[in-house]
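So you can see what is in the structure, the chains are spelled out below.
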Amino acid sequence: MAKSSTPSRERIVAGAADMISRRGLSATSIREMAKHAKAPLGSTYHYFPEGKQQLATEAVRYTGEWVARALRKELEAGPVEGLRAFLALWRTIVVESDFRAGCPVLAVAIEEPPADEIPPALAAAAEVFDQWESLLAASLRAHGAEAERATQLATLVVASVEGTVAMCRAKRSTEPLDRTAEQLEALVAGAIRG
């Protein structure tokens, strides 16, 4: 196989993230993730010798960093602009997928873990949520919000947006996102003014 046609590790990870965002982790096999990424199963196991859990962990981290990069860029203009960009990103995903895709980080986070075990993908999901909250809280503090309020509001933003994305998928409408956006924007604006 020519080097240029060899599936890249990143393409497999991105394909897995997309598949998990649509079907969840339990309902998705490594074979289906490879097929979705148009990658041979052998290449998938070459890059991810530990299997599905390793690939899912990388998919969560990939999504986390992709969102964090966009968030960092937009937060340079302030927390309201960062919030708007965060909401717009998820709006694009649910609308362009015809309400079939959501957040792969949330999809992994709500899976039932085996008893007495924290799977690596679940630990990665917690780290991603922490990263997004930290970025938002830092921006809020930098623009005048009190430290504890900034932390609490950042958690509220991430939790609200993640839940709202799920509601949009269920209702096949962006109306929950519109309602959430209006309220979150008012809270963020109020936190940096007062």
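Located above this text is the structure these notes cover.
Residues numbered from 1 in each chain as written. Predicted model: local features only at pLDDT ≥ 70, side-chain atom pairs only at ≥ 80, totals over all residues. Heavy atoms only, no water.

Undergrad: Explain the nonpolar core to me, and be specific about the residues and the numbers.
TA: A general tendency of soluble globular proteins is for nonpolar side chains to be buried together. If you look at the biggest cluster of nonpolar residues, it comprises 59 residues, and the most contacted ones within it are Trp 90 and Trp 132. Among the elements that make up this core, the one with the highest residue count is helix α7 (residues 120-142) (10 residues). Apart from residues no more than four positions distant in its own chain, Trp 90 is found in contact with Val 67, Gly 102, Cys 103, Trp 132, Val 161, Glu 162 and Val 165. (Core = buried A, V, L, I, M, F, W, Y, C linked by side-chain atoms within 4.5 Å. Buried < 20%, exposed > 50% of the residue type's maximum accessible area, 1.4 Å probe, protein only. Helix = DSSP H or I, 4+ residues; strand = E, 2+ residues; numbered from the N terminus. Contact = heavy atoms within 4.5 Å.)

Undergrad: Describe in detail α7, supporting the description with residues and values.
TA: Between its first and last C-alpha atoms α7 spans 33 Å; for 23 residues at 1.5 Å apiece the expected length is 33 Å, and the two agree. Considering only its buried residues, α7 is in contact with α4 (52-75), α5 (79-96), α6 (104-109), α8 (147-171) and α9 (175-193). Taken from the residues just after α7, Gly 144 is the one with a positive phi, measuring 105 degrees. (Expected span 1.5 Å × (residues − 1).)

Undergrad: Lay out the side chain of Gln 54 with the relevant residues and their values.
TA: Tracing the sequence through the fold places Gln 54 in helix α4. Aside from chain neighbours lying at most four places away, what touches Gln 54 is Tyr 47, Phe 48 and Pro 49.

Undergrad: Please give an account of the pattern of salt bridges that cites residues and values.
TA: The full count for this structure, using the stated rule, is 10 salt bridges. The partner of Arg 61 in a salt bridge is Glu 58, and the shortest N-O contact between them spans 3.4 Å. With Arg 61 and Glu 58 both in helix α4 and three residues apart, the pair spans about one turn of that helix. Given the relative accessible area of 39%, Arg 61 is considered partly exposed. Residue classification places Glu 58 among the partly exposed residues on the basis of a relative accessible area of 21%. A salt bridge links Asp 98 to Arg 100; the shortest N-O distance between them is 2.9 Å. By relative accessible area, which is 37% here, Asp 98 ends up partly exposed. (Salt bridge = Lys/Arg side-chain N within 4 Å of Asp/Glu carboxyl O.)

Undergrad: For α4, give the residues involved together with the corresponding values.
TA: End to end, α4 covers 34 Å across 24 residues, agreeing with the expected 34 Å (1.5 Å per residue, within 8%). Every buried residue belonging to α4 is among Gln 54, Leu 55, Ala 56, Thr 57, Ala 59, Val 60, Thr 63, Gly 64, Val 67, Ala 68, Leu 71 and Leu 75, and all of these are buried. Packing partners of the buried residues in α4 comprise α1 (9-23), α2 (30-36), α3 (41-47), α5, α6 and α7.

Undergrad: Could you give an account of the environment of Ser 139, with specific residues and numbers?
TA: Locating Ser 139 in the fold gives a position in helix α7. What makes Ser 139 buried here is its relative accessible area of 6%. Measuring from C-alpha to C-alpha, the distance between Ser 139 and Gly 82 comes to 8.6 Å, with 57 residues separating the pair along the chain. In contact with Ser 139, not counting residues within four places along its chain, are Leu 75, Gly 78 and Pro 79.

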